[in-house]
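Coordinate inspection notes
Chain residues, written in single-letter form:
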Amino acid sequence: MTLLLLLAAPFARAATPAPNASNKPAQGKHYVVGTDTTFAPFEFRSDSGEMVGIDMDLLRAIAKDQGFTVDIRSLGFDAAVQALQSKQVDAVIAGMSITDARKKVFDFSNAYYDSGVQFAAPKTSSVTSLADLRGKRVAVKTGTAGADYADSVKAQYGFTTVAFSQTADMVNDVTAGSSAAYVDDYPVVAYSIQQGAPMKLIGEKAPAGSYGVAVNKGTDPELIEAFDQGLANVRANGQYDQILAKYLGQQGTTQREGFFALLANTLPTLLKGLAITVAAAALSIAIAMVLGVAFGFLKVSGNPVLNGIASVYVWIFRGTPVLVQVFFFYFGIPAVTGLTLTALTAGVLTLSLNAGAYMTEIVRGGIQGVDQGQMEAARSLGLPYMKSMSKVVLPQAIKIMTPSFINQFIITLKDTSLLAVIGLAELTYMGQQIIARNFRSFEMWLIIGVIYFIVIGLLTLASNAVDRRFNK
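Please read these numbers as outputs of a predicted model, since none were measured by experiment.

Mean pLDDT over the protein works out to 86, with 93% of the residues at or above the 70 mark. A low-confidence stretch, residues 1-14 stays under pLDDT 50, and its non-local contacts, those more than four residues away or across chains, total 36 contacts.

Under the defined criterion, the tally for this structure stands at nine salt bridges. Between Asp 57 and Lys 246 there is a salt bridge; the shortest N-O distance is 3.1 Å. Linking Asp 57 in helix 2 (residues 54-66) with Lys 246 in helix 9 (residues 239-248), this pair joins segments that are 189 residues apart in sequence. Its relative accessible area of 15% is what places Asp 57 among the buried residues. Between Arg 137 and Asp 173 there is a salt bridge; the shortest N-O distance is 3.2 Å. On the criterion of sequence distance, the pair formed by Arg 137 in strand 8 (residues 137-141) and Asp 173 in helix 6 (residues 167-175) is long-range, its members being 36 residues apart. Under the relative-accessibility criterion, Arg 137 is labelled partly exposed at 29%. Connected via shared salt-bridge partners are Asp 57, Arg 60 and Lys 246.

The next thing to look at is the nonpolar core. Most often, soluble globular proteins have nonpolar side chains that are buried together. One finds Leu 58, Phe 68, Ile 93, Tyr 112, Tyr 113, Phe 227 and Leu 231 to be the most contacted residues of the largest nonpolar core, which totals 38 residues. Every element with two or more residues in this core is listed here: strand 1 (30-35), strand 3 (51-52), helix 2, helix 7 (186-194), helix 8 (221-236) and helix 9. Considering each element in turn, this core owes the most residues, seven residues, to helix 2. Discounting residues that sit within four places of it in the chain, Phe 227 has contacts with Leu 58, Ile 62, Ile 93, Ser 109, Asn 110, Tyr 112 and Val 213. If you look at the next biggest cluster of nonpolar residues, it comprises 35 residues, including Val 89, Val 326, Leu 353 and Ile 422.

Residue Ala 40 is joined to Pro 41 through a cis peptide bond whose omega torsion reads 10°. Its place among the elements puts Pro 41 in the loop between strand 1 and strand 2 (44-45). One non-glycine residue, Lys 87, adopts positive backbone phi at about 65°. For Lys 87, the location among the structural elements is in the loop between helix 3 (77-85) and strand 5 (91-92).

So, about the sheet that holds strand 11 (residues 199-211). Read across the sheet, five strands follow the order 9-8-10-7-11 without closing on themselves; strand pairing throughout is mixed. Edge strands, defined here as strands with exactly one partner in the open sheet, are strand 9 (160-164) and strand 11. Averaged over all pairs of adjacent strands, the angle between strand axes in this sheet comes to 25°, irrespective of strand direction. As paired strands, strand 8 and strand 10 (residues 181-185) are joined by two bridges and run parallel to one another. The partner of Ala 139 across the bridge, within strand 10, is Tyr 182.

All chains considered together, the criterion is met by three cavities of 30 Å³ or more. What the largest cavity holds in volume is close to 80 Å³. Around the largest cavity sit 14 residues that line it, and Phe 39, Phe 77, Ala 94, Gly 95 and Thr 144 are the ones nearest its centre. Tallied by class, residues from the lining of the largest cavity come to five nonpolar, four polar and five charged.

This next bit is on the packing of aromatic side chains. Taken as a whole and assessed by the stated rule, the structure comprises 19 aromatic pairs. Residues Phe 44 and Tyr 191 carry aromatic rings whose centres are separated by 5.7 Å and whose planes lie at 40° to one another, so their mutual orientation is tilted. You can see Phe 44 sitting in strand 2 and its partner Tyr 191 sitting in helix 7, a full 147 residues away along the chain. In this pair, the class of Phe 44 matches that of Tyr 191, namely buried. Pairing Phe 259 with Phe 260 gives two aromatic rings, centres 5.4 Å apart and planes at 80°, and the pair type is edge-to-face.

By the criterion of burial, strand 7 (residues 113-122) is predominantly enclosed, with ten of the ten residues buried. Direction of pairing for strand 7 relative to strand 10: antiparallel, over a ladder of four bridges. Bridge pairing in strand 10 places Gln 118 opposite Asp 184.

What follows concerns a nonpolar patch on the surface. On the surface, a cluster of nonpolar side chains totalling about 790 Å² of accessible area is made up of Phe 442, Leu 446, Val 450, Phe 453, Ile 454, Leu 458 and Leu 461. Residue position: Val 450 is located in helix 17 (residues 441-470).

Definitions and limits used
- Residues numbered from 1 in each chain as written.
- Predicted model: local features only at pLDDT ≥ 70, side-chain atom pairs only at ≥ 80, totals over all residues.
- Heavy atoms only, no water.
- pLDDT = per-residue confidence, 0-100.
- Contact = heavy atoms within 4.5 Å.
- Salt bridge = Lys/Arg side-chain N within 4 Å of Asp/Glu carboxyl O.
- Helix = DSSP H or I, 4+ residues; strand = E, 2+ residues; numbered from the N terminus.
- Buried < 20%, exposed > 50% of the residue type's maximum accessible area, 1.4 Å probe, protein only.
- Core = buried A, V, L, I, M, F, W, Y, C linked by side-chain atoms within 4.5 Å.
- Pairing = 2+ DSSP bridges.
- Axes fitted to C-alpha atoms, helices over the stretch in contact; angles between N-to-C directions.
- 1 Å grid on protein atoms, 1.4 Å probe; cavity = no way out; pocket = protein on both sides within 12 Å on 5 of 7 lines; lining within 4 Å.
- Points joined across faces, edges and corners; volume = space filled by probe spheres on them.
- Nonpolar A, V, L, I, M, F, W, Y, C, P; charged D, E, K, R; others polar.
- Phe/Tyr/Trp six-rings, centres within 6.5 Å; stacked < 30°, edge-to-face > 60°.
- Patch = residues over 30% accessible without salt bridge, like charges linked within 9 Å, V, L, I, M, F, W, Y side chains within 5 Å.
- Areas by Shrake-Rupley, 256 points an atom, 1.4 Å probe, with all protein chains shown as cover.

Right under this line is the structure:
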């Protein structure tokens, strides 16, 4: 067994029940399990886009052993915990440390991995110990044992902390020189160095608790019992050690491929994400158009009640951030109503309502931008209100509205990137997954930026061509 696995082995054992092939308390059941998006080597996406890692392989092995099925949803650590609390998922497996505070809210399985936390700094840095961090900034990951440990020693060593949501973001912050070091679970730090992150370990590894599967308190005792029994069985038959060796057993640093090789290897995955981006944007824009026209007419109807309804809608969705709206629909609605929404449904609903609010004002402004005398002239000729609106006012208003509509189309397409926070596998999300396993942020964000630039450029050219043809 190689050096890295030997270092990890003392931290990888915890008490479990005796092996028992006949004890299957969750047999035949189906569970939705939330996980992190970028926590290699525990959970990350392979080149083919499949969720892999120690947690993923272990969960699948236990599910097979115990005869239950799982639907794994890659959400991000914070989002996965929120999804569990709002009953969007049945359980969370995401390198989640078992703590006394969390035990008050969740029930945990037996520990399947006992970890530690480790500081790391750039290879070229003069920082060689925690004492060298005095007066400097350290990057931590929100809600993790590493963040808790850093907070517990920062007064002693005189450093400050800044929080990020993903390991790759911490590595990037340190690489850019904004922070002097970062802290994360030891296997994650070791794996990132193995994959080519230009970092070195500093200080000693500190014990930081154990990982377990979490469910809402008192809700799924069968799943906890099944996981514990399955864990005992896969340990006994050797699968557990094979899984650890698969991800922690490679010694040395992986040789980095060139930029064009990186582009060729990642482009198929990115194009899959782009397809989701375009589909979500197109569907959102179509719905937003309907909403914009409907509420826009209410705004100019002259009826104070209808005008008030449209105004409230516009105030709400223009007055709150899109990200807050995404979380409200994906986590808030299910927590209150019990209605579960998929990431795509919640994302399209959010973007549609948000873009619809802006389109409402575009429609209102376009109609009111037409000289009032046009309506008066049409009515004086005996045309009814609706015919005057459709035949006289709207054709002129559409010419006024078209540039703003095109701009809103582009904004909505770019806003799809925000849906990565709820695990929608669009272009930005796919980029994050790739960065999580290769830590090549600059090249990957350059590629993703170029893809967005090309797509939005083509959309702009097509929209302008339609505008010229329609309004000539």
